[in-house]
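Overview (structure and organization)
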Amino acid sequence: MGSPAIRLSGVSFSYPDGVEALRDVGFDVAEGESVGIVGPNGAGKSTLTLLLAGFLPPRDGIVEVAGIRVGRSTVREVRRRLGLVFEDPEDQLFMGTLYDDVAFGPMNMGVAPDRVDEIVRGTLAMVGLDTLADRFPGHLSSGQKRAAAIAAVIAMRPAIVVFDEPTAGLDPRSRRRVIEIIGALGGSRIVVSHDLEAVLDCCRRVILLDGGRIVADGPAEDVLSDGALLDAHGLEKPHSLMSASEHRHVHAMRLGCADAGAPHGGREAAGDACACSEAGPMPARRRATP
Amino acid sequence: MRALDPRAAVLAAGAYVVCVASFPKYSVAALAPMAAVPIVAAALSGMPLRLLFRRLALGAPFAVLVGIANPFLDARPYAVAPGVEIAAGWISFATIAAKFLLSVSVLVVLVHAVPVQGICRALRALRAPLVLVAQIDLLHRYLRVLAAEGAAMRRARELRGGGSRRARGGSVAAAMLAVLLRRTLQRGERVHRAMLARGFDGEIRLAGRMRWRPVDTAATVGVAAFCAAARFLPVVEWVGGTALG
């Protein structure tokens, strides 16, 4: 059996100011696997992405990408195999035209110019931006910028793509489009996000980080349907996994109903429903299978 | 000018700047024909002259600063206008200012007509040192980041400070400047990380090939020939003689 796409073993990391961002983190990601990394703010998620791409060196432990141990001498090789889509697309789009931005990675990899043209046009078509190739990236909409940032990374054909908050700040249609793009990608994918619905749509497995430690690792539906676990770590169960009574409870909370004080599942366990429950059960949502 | 190969535009601009710089220091009148090049180039590239002059106005204080000492250091009489004796220092000051403004104007038009990345690519193709080209390219990117951050902070100040004097005061401006620099540096670091993540090794490569066509040769040779004529032939005297009959 070959080496996993990603292997972390006993990884710890502290920032120079002493803040310990990761503590003894270890997990494997198999080739072709899609993994969501979720957790509250300050859990260490973004630090983890920077470690994977070799921007930060672990204080302890080993990070391997495609069988290569991430280190100063291997970082270029690692970045050929692992693409990182940053949280803010403005950071990722820095060329004068969208075409040049998407071509940036392949050109640096030494791909022949004719082939680069083919790759760029194909990638832009894949994310639905083929008609905007000559536009200045700064003038795109937020959703288009996000799609462009993804295109800029996947044009390098990395075996592994890491997405840092890929749906943050998007309207529902753009968000759905980004989820579809991520779902359509081959290879291994790591989606770091607070958007648990998106993670549920894109990933089969979820790792929950809090305080720099892994607190849960398992099938996405199992981890994300554990309301008590998510509550304890500052997250909310995705709507699509909520029972009808949980929906009613959330609805009541939003309306400020006095009956809604019970924690998730409390009323359900008592076989009762919140009095403020005109909303009824939410329809089951269509899931995009990764 | 936009249709030119960036190498042609850079070569023509380079020839122009070298030619302007080579004029003797008391030949301010002889520089007059050289003004035709930036004006024609601006017209051809669709740059309004008002915009060109606004850009030049930003550089004008530097032109003054460079030559302002000349009238005091070189006070010997050089020319006599009706009733007034003009010191050589004033003539050389005017020449320096004219050279500065002409050179800057052609570069302003170049940057307006050709994207900075195209200019950098042309410079690399013309064997300019990588360090220099990377500096120009990254400086341009940094300025864009700085401008975006600055605009966002200004909006925030306007929204919360209205037009109050305190919001526009020196201490607020100093604090904003410090925060602006810090934020810009952080943003610059993130952009640099994004570049590294996509294989950046110090050289910015652009896709697509540059194509040198006959029009590029014609433009480069045309500008070089005009500059040489203005520099070595008594164009001003001819024009003056013709005008005076």
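Residues numbered from 1 in each chain as written. Chains lettered and ligands numbered in written order. Predicted model: local features only at pLDDT ≥ 70, side-chain atom pairs only at ≥ 80, totals over all residues.

Here the focus is the overall build of chain B. Helix and strand counts for chain B come out as ten helices and two strands. Counting from the amino terminus, chain B carries its helices and strands in the arrangement α-α-α-α-β-β-α-α-α-α-α-α. Here the C-alpha radius of gyration of chain B, 23 Å, is well above what a compact globule of 245 residues would show, namely 18 Å. With the C-alpha coordinates aligned to their principal axes, the bounding extent of chain B is approximately 65 × 55 × 30 Å. Partitioning the contacts of chain B with sequence separation of at least 6, the portion at a separation of at least 24 is 76%. (Helix = DSSP H or I, 4+ residues; strand = E, 2+ residues; numbered from the N terminus. Rg over C-alpha atoms; globule rule 2.2 N^0.38 Å. Contact = placed C-beta atoms within 7 Å.)

This paragraph deals with the overall build of chain A. Looking only at helices and strands, chain A features twelve helices and ten strands. Within chain A, counting contacts between residues at least 6 apart in sequence, those at least 24 apart form 64% of the total.

Counting from both sides, the interface comprises 24 residues of chain A and, opposite them, 19 residues of chain B. Residue assignment for the side of chain A that touches chain B shows that the elements contributing at least two residues are helix H3 (89–92), helix H4 (98–108) and helix H5 (113–126) of chain A. Here the element with the most residues in the side of chain A that touches chain B is H4 of chain A; it accounts for seven residues. Grouping the constituent residues of the side of chain A that touches chain B by class yields 16 nonpolar, four polar and four charged. (Nonpolar A, V, L, I, M, F, W, Y, C, P; charged D, E, K, R; others polar.)

A few words on the pairing of strand S9 (residues 205–210) of chain A. Remark: a regular strand shows side chains that alternate across the two faces of the sheet. Residues and elements named next belong to chain A. The element S9 is extensively covered by neighbouring structure, given that five of its six residues are classed as buried. Sheet topology note: the S9/strand S10 (residues 213–219) ladder contains six bridges and is antiparallel. Its bridge partner being in S10, isoleucine 207 is matched across the sheet by aspartate 217. Connecting S9 to the antiparallel partner S10 that follows it, the hairpin turn spans two residues, and glycine 211 within it adopts a positive phi of roughly 60°. (Buried ≥ 20, exposed ≤ 12 C-beta atoms within 10 Å, placed from the backbone. Pairing = 2+ DSSP bridges.)

In this section: the nonpolar core. All names here are of chain A. Ala151, Val162 and Val199 are the most contacted members of the largest nonpolar core, which has 87 residues in total. Looking at this core element by element, the count peaks at eight residues for helix H6 (residues 142–154). Apart from residues lying up to four places away in sequence, valine 162 is in contact with Thr49, Leu52, Leu82, Leu84, Val85, Ile190 and Val192. (Core = buried A, V, L, I, M, F, W, Y, C linked by C-beta atoms within 7 Å.)

What follows concerns the pairing of strand S2 (residues 20–29) of chain A. Residue and element names in this part refer to chain A. For strand S1 (residues 6–14) and S2, the ladder comprises six bridges, and the chain directions are antiparallel. Counterpart to arginine 7 in the pairing with S2 is aspartate 28. The turn linking S1 back onto S2 is made up of five residues, and glycine 18 within it adopts a positive phi angle of 95°.

In this section: the environment of proline 238 of chain A. Residues and elements named next belong to chain A. Among the secondary structure elements, proline 238 is positioned in the loop between helix H10 (227–232) and helix H11 (244–255). C-alpha separation for the pair proline 238 and glutamine 92, spaced 146 residues apart in sequence, amounts to 29 Å. Discounting chain neighbours no more than four positions away, the residues touching proline 238 are Leu196, Glu197, Leu200 and Leu224.

Moving on: the environment of isoleucine 179 of chain A. All names here are of chain A. The residue isoleucine 179 is located in helix H7 (residues 172–184) in this model. A count of 23 C-beta atoms within 10 Å places isoleucine 179 in the buried class. Expressed as a C-alpha distance, the spacing of isoleucine 179 and phenylalanine 55, which sit 124 residues apart in the sequence, is 26 Å.

To summarise the sheet geometry, strands pair through backbone hydrogen bonds and adopt either a parallel or an antiparallel arrangement. Residues and elements named next belong to chain A. Taking strand neighbours across the sheet as the criterion, the six strands line up as S6-S7-S8-S3-S9-S10 in an open arrangement whose pairing is mixed. One side of each edge strand has no neighbouring strand; the edge strands of this open sheet are strand S6 (82–85) and S10. Mean inter-strand twist for the sheet, computed between neighbouring axes without regard to direction, equals 15°. When strand S3 (residues 34–38) meets S9, the two strands line up parallel, connected through four bridges. Bridge pairing links isoleucine 37 to isoleucine 207 in S9. Where H6 meets the sheet, its contacts fall on S6 and strand S7 (160–164), and the angle it forms with S6 comes to roughly 165°. (Axes fitted to C-alpha atoms, helices over the stretch in contact; angles between N-to-C directions.)

Residue and element names in this part refer to chain B. The pLDDT averaged across chain B works out to 87; a share of 98% of its residues lies at or above 70. The spread of mean pLDDT over the elements of chain B runs between strand S1 (residues 77–81), the lowest at 76, and helix H1 (residues 6–21), the highest at 95. Complex prediction metrics read pTM 0.73 and ipTM 0.75. (pLDDT = per-residue confidence, 0-100.)

Residues and elements named next belong to chain A. In this model H5 runs 20 Å from its N-terminal to its C-terminal C-alpha over 14 residues, within 8% of the 20 Å that 1.5 Å per residue would give. Three or more residues of H5 are buried, namely Val116, Ile119, Val120, Thr123 and Leu124. Taken around the axis of H5, the buried residues stretch over an arc of 120°, which confines them to a single face. Along H5, exposed side chains directed more than 90 degrees from the buried face belong to Asp114 and Arg115. Where H5 is buried, its residues meet H4 and H6. Looking one or two residues beyond H5, the residue adopting positive phi is glycine 128, at roughly 75°. (Expected span 1.5 Å × (residues − 1). Arc of directions from axis to C-beta.)

A separate point is the packing of H1 of chain B against helix H5 (residues 88–113) of chain B. Residues and elements named next belong to chain B. Direction vectors running N to C along H1 and H5 enclose 175°, while the axes themselves pass 9 Å from each other. Considered as vectors, H1 and H5 are oriented roughly antiparallel to each other. Two secondary-structure elements touch here, H1 through Ala9, Ala13, Tyr16, Val17, Val20 and Ala21 and H5 through Lys99, Leu102, Ser103, Val106, Leu107, Leu110 and Ala113. Considered class by class, the residues forming the contact of H1 with H5 number eleven nonpolar, one polar and one charged. (Parallel < 35°, antiparallel > 145°, perpendicular 65-115°, else oblique.)

All names here are of chain A. Overall, antiparallel pairing links the four strands, which are arranged S2-S1-S4-S5 in an open sheet. Because the sheet does not close on itself, it has two edges, and the strands there are S2 and strand S5 (68–69). Judged from the five bridges that link them, S1 and strand S4 (residues 60–65) form a sheet pairing that is antiparallel. Of the residues in S4, the one forming a bridge with serine 9 is isoleucine 62.

The next point concerns helix H3 (residues 49–67) of chain B. Between the first and last C-alpha of H3 of chain B there are 25 Å, a value that for 19 residues agrees with the 27 Å anticipated at 1.5 Å per step. Maximal helix bending in H3 of chain B amounts to about 40°, located at glycine 59 of chain B; proline proline 61 of chain B follows within four positions. (Bend = angle between axes of the 7 residues up to and from the residue.)

What follows concerns the environment of arginine 248 of chain A. Structurally, the position occupied by arginine 248 of chain A is in helix H11. In the structure, arginine 248 of chain A is positioned 25 residues away from valine 223 of chain A in sequence and 22 Å away in space, judged by C-alpha atoms.

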